[in-house]
Amino acid sequence: MDAAAMKDEVARAALAHVESGMRLGIGTGSTAEAFIRALAGRVSEGLRIVGVPTSERSAKLCGELGIPLATLEDLPELDLTIDGADEVDARLRLIKGGGGALLREKIVAAASARMLVIADASKKVEHLGAFPLPIEVNGFGVLATTLAIEKASAMLGLSGSIRLRMVGDKPFITDGGHLIIDASFGLIPDPEALSAALHAIPGVVEHGLFLGLASSVLLAGPEGVERLGAA
Ligand SMILES: O=C[C@H](O)[C@H](O)[C@H](O)COP(=O)(O)O
């Protein structure tokens, strides 16, 4: 089974967790998009949900496919968020933000009673950090913020390349108008300590470590869909 087929399979499996009447956080990325397409099929058959998208990109796709949408202002408390991930460990800790949507994704996940992560099995890791950690930063003083990230991570014994995310010759800009720094620390022995250290830096808006947010994870592999965490 190729990666696209695994994404479709896990997206279909996620539908079993969606109930009529739910206020649903809708994630971002290729796996979340497979879920949006599967969800649209159910909505056209009569499933009643309202979605709160985590990015302009997902909002556009939902709109094109006829999924009813609201904002987090309209619905500040959600029943379930379904979203992808770049890495997941056995304790359901995640790295997210490969697509640059981490800030809205984290706000929406935190506003949800449950977060269901969907991914292919290649995203399961023993230790987080092989995927560069996305860190969303304010554009003001980005060089000072980068240096502060370097110092804070060095205090934790972490080093590696810390780069501003670019699209061609221009910085990548998030939906919130911020920049992304991708930090290739390598394995992160203490994600909680790194999270706290990053949050202490004024220019850091948010980072892609999702700790204590995921309630369960569905992973699609050659043998079918495996579930980590509670039902
Ligand atoms: O910013 C993007 C998100 O965190 C995505 O959910 C994450 O990058 C996984 O994306 P994909 O399903 O395309 O691998």
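Residues numbered from 1 in each chain as written. Predicted model: local features only at pLDDT ≥ 70, side-chain atom pairs only at ≥ 80, totals over all residues. Heavy atoms only, no water.

## Overview of the site of the ligand
Reasoning step 1: In the vicinity of the ligand there are 16 residues, among which T28, S30, T31, E105 and K123 approach most closely.
Reasoning step 2: At 2.5 Å, a side-chain N or O of S30 approaches an oxygen atom of the ligand.
Reasoning step 3: Within the contact set of the ligand, an oxygen atom lies 2.7 Å away from a side-chain nitrogen or oxygen of E105.
Reasoning step 4: Here the ligand, which alone exposes 380 Å², has 91% of that area covered by the protein.
Reasoning step 5: Among the residues making up the shell around the ligand, the classes are represented as two nonpolar, nine polar and five charged. (Near = heavy atom within 4 Å. Polar contact = N/O pair within 3.5 Å; in protein donor to acceptor, adjacent residues only side chain to side chain. Areas by Shrake-Rupley, 256 points an atom, 1.4 Å probe, with all protein chains shown as cover. Nonpolar A, V, L, I, M, F, W, Y, C, P; charged D, E, K, R; others polar.)

## Looking at the UniProt feature "active site" (unreviewed entry) in the chain
Reasoning step 1: As annotated by UniProt and renumbered to match this structure, "active site" (unreviewed entry) occupies E105.
Reasoning step 2: Looking at the element boundaries, E105 is found in helix α4 (residues 102-110).
Reasoning step 3: Every residue in contact with E105, bar those within four places of it in the chain, is listed here: T28, T54, D83, K96, G97 and F210. (UniProt positions renumbered as here; feature names shortened; annotations may be inferred. Helix = DSSP H or I, 4+ residues; strand = E, 2+ residues; numbered from the N terminus. Contact = heavy atoms within 4.5 Å.)

## Side note on helix α2 (residues 30-44)
An α-helix turns once every 3.6 residues. As a result, residues three or four positions apart point the same way.
Reasoning step 1: Between its terminal C-alpha atoms α2 stretches 21 Å, which fits the 21 Å expected from 15 residues at 1.5 Å a residue.
Reasoning step 2: T31, A32, E33, A34, F35, I36, A38, L39, A40 and V43 are the residues of α2 that are buried.
Reasoning step 3: Turning to α2, the residues buried within the fold contact α1 (3-15), β1 (23-26), α3 (56-64), β3 (78-83) and β6 (112-120).
Reasoning step 4: Positioned one or two residues after α2, G46 has a phi angle of 120 degrees, which is positive. (Expected span 1.5 Å × (residues − 1). Buried < 20%, exposed > 50% of the residue type's maximum accessible area, 1.4 Å probe, protein only.)

## Regarding the nonpolar core
Across soluble globular proteins, you tend to see nonpolar side chains buried next to one another.
Reasoning step 1: By size, the foremost hydrophobic cluster in this structure holds 26 residues, and its most contacted members are F35, L39 and I67.
Reasoning step 2: Breaking this core down by element, the ones donating at least two residues are α1, β1, α2, α3, β3, β6 and β14 (216-221).
Reasoning step 3: A total of seven residues in this core trace back to one element, the largest contributor, which is α2.
Reasoning step 4: Counting residues in each nonpolar core, the second largest holds 21 residues, with L133, I149, I162 and V204 among its members. (Core = buried A, V, L, I, M, F, W, Y, C linked by side-chain atoms within 4.5 Å.)

## Let's talk about the packing of aromatic side chains
Reasoning step 1: A full pass over the atoms with the stated rule returns zero aromatic pairs.
Reasoning step 2: A cation sits over an aromatic face here: K96 above F210, 5.6 Å from the ring centre.
Reasoning step 3: Note that R165 overlies the ring of F172, its terminal NZ or CZ placed 5.4 Å from the centroid. (Phe/Tyr/Trp six-rings, centres within 6.5 Å; stacked < 30°, edge-to-face > 60°. Lys NZ or Arg CZ within 6 Å of the ring centre and 35° of its normal.)

## A few points about unusual backbone geometry
Reasoning step 1: Despite not being glycine, L92 shows a phi value in the positive range, around 65 degrees.
Reasoning step 2: Looking at where L92 falls in the secondary structure, it is placed in the loop between β4 (87-88) and β5 (94-95).

## Observations regarding the environment of R37
Reasoning step 1: Within the element layout of this structure, R37 appears in helix α2.
Reasoning step 2: Separated by 25 residues in the primary sequence, R37 and C62 have C-alpha atoms spaced 8.1 Å apart.
Reasoning step 3: Residues contacting R37, with those up to four places away along its chain left out, are L61 and L65.

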